[in-house]
Amino acid sequence: NGSLRIPSMSMTPEERKHAPLKADASKFRVLVVDDSAFMVKHLSRILVGAGFDVIGSAADGEDAISKFRELRPDIVTMDMTMPNMNGIQAIDHIRMIDRKAEIVAVTALGHEDIIRTLLSIGGTHYLVKPVQPERVIAVMHAVADRLGQG
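Attention in this report is confined to the structure presented alongside it. (Residues numbered from 1 in each chain as written. Predicted model: local features only at pLDDT ≥ 70, side-chain atom pairs only at ≥ 80, totals over all residues. Heavy atoms only, no water.)

Brief notes about the sheet that holds strand E2 (residues 53-58)
Spatially, five strands are ordered E2-E1-E3-E4-E5 in an open sheet, and the strand pairing comes out parallel. The strands lining the two open edges of the sheet, one partner per strand, are E2 and strand E5 (125-129). In this sheet, adjacent strand axes meet at a mean angle of 20° when their direction is disregarded. With five bridges joining them, strand E4 (residues 102-108) and E5 adopt parallel strand pairing. Each residue of the ladder has a partner; that of valine 106, found in E5, is leucine 127. Running over the sheet, helix H5 (residues 112-120) touches E4 and E5 and is turned about 170° from E5. (Pairing = 2+ DSSP bridges. Helix = DSSP H or I, 4+ residues; strand = E, 2+ residues; numbered from the N terminus. Axes fitted to C-alpha atoms, helices over the stretch in contact; angles between N-to-C directions. Contact = heavy atoms within 4.5 Å.)

Structure representation (structure tokens):
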């Protein structure tokens, strides 16, 4: 019908069939990092609706590192521009903890320099704000597929 459908907190049986699952049939666990409470809520809603388990959130890079150590998520969505410690610095620290950490960068339109830096340090997936639910789901499924093969 052409209308944009934003996933709800609960999935229909049809949506559940397409939700990515780990080899042990559990959901992929995601840490959402953004200094905007609105973005945390928005991304979390999309991710939960797509079958991911949002296990926590952080509002800056320092908090992200602490939460990563504590929660050991499968995937992190990381805002690139935050106070105290930006996303690139946080990614560097997280990769010291786990060099195989799967991190999806989230940046505002017009920050191509940040995307270039991200790609130069080994980042492979990113989302541009304002995020579109379909793009979030496609990127997260690609990461989940890679994790499932790894």
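Here the narrative resumes, following the displayed structure.
Comments concerning the environment of leucine 47
Structurally, the position occupied by leucine 47 is in helix H2 (residues 37-49). Remark: the alpha-carbon pair of leucine 47 and arginine 29, spanning 18 residues in sequence, is separated by 9.9 Å. Sequence-distant contacts of leucine 47, defined by excluding residues within four places in its chain, comprise Val30, Val32, Phe52, Val54, Thr77, Val136 and Met140.

Some remarks on the packing of helix H3 (residues 61-71) against helix H4 (residues 87-97)
Between H3 and H4, the shortest axis-to-axis distance is 9 Å and the interhelical angle comes to 20°. Classed by the angle they form, the pair H3 and H4 counts as roughly parallel. As for the relative orientation of H3 and H4, their crossing is right-handed in sense. Residues Gly61, Ala64, Ile65, Phe68 and Arg69 of H3 form the contact with H4, whose participating residues are Ala90, His93, Ile94 and Ile97. Across the contact of H3 with H4, the residue classes tally to six nonpolar, two polar and one charged. (Parallel < 35°, antiparallel > 145°, perpendicular 65-115°, else oblique. Left-handed = near helix turned anticlockwise from the far one by under 90°. Nonpolar A, V, L, I, M, F, W, Y, C, P; charged D, E, K, R; others polar.)

A few points about H5
Taken residue by residue, H5 has Ile114, Ile115 and Leu118 as its buried positions. All buried residues of H5 lie within an arc of 100° about the axis, which places them on one face of the element. Exposed and oriented more than 90 degrees from the buried face of H5 are Arg116 and Ser120. Next to the buried residues of H5 lie H4, E4 and E5. (Buried < 20%, exposed > 50% of the residue type's maximum accessible area, 1.4 Å probe, protein only. Arc of directions from axis to C-beta.)

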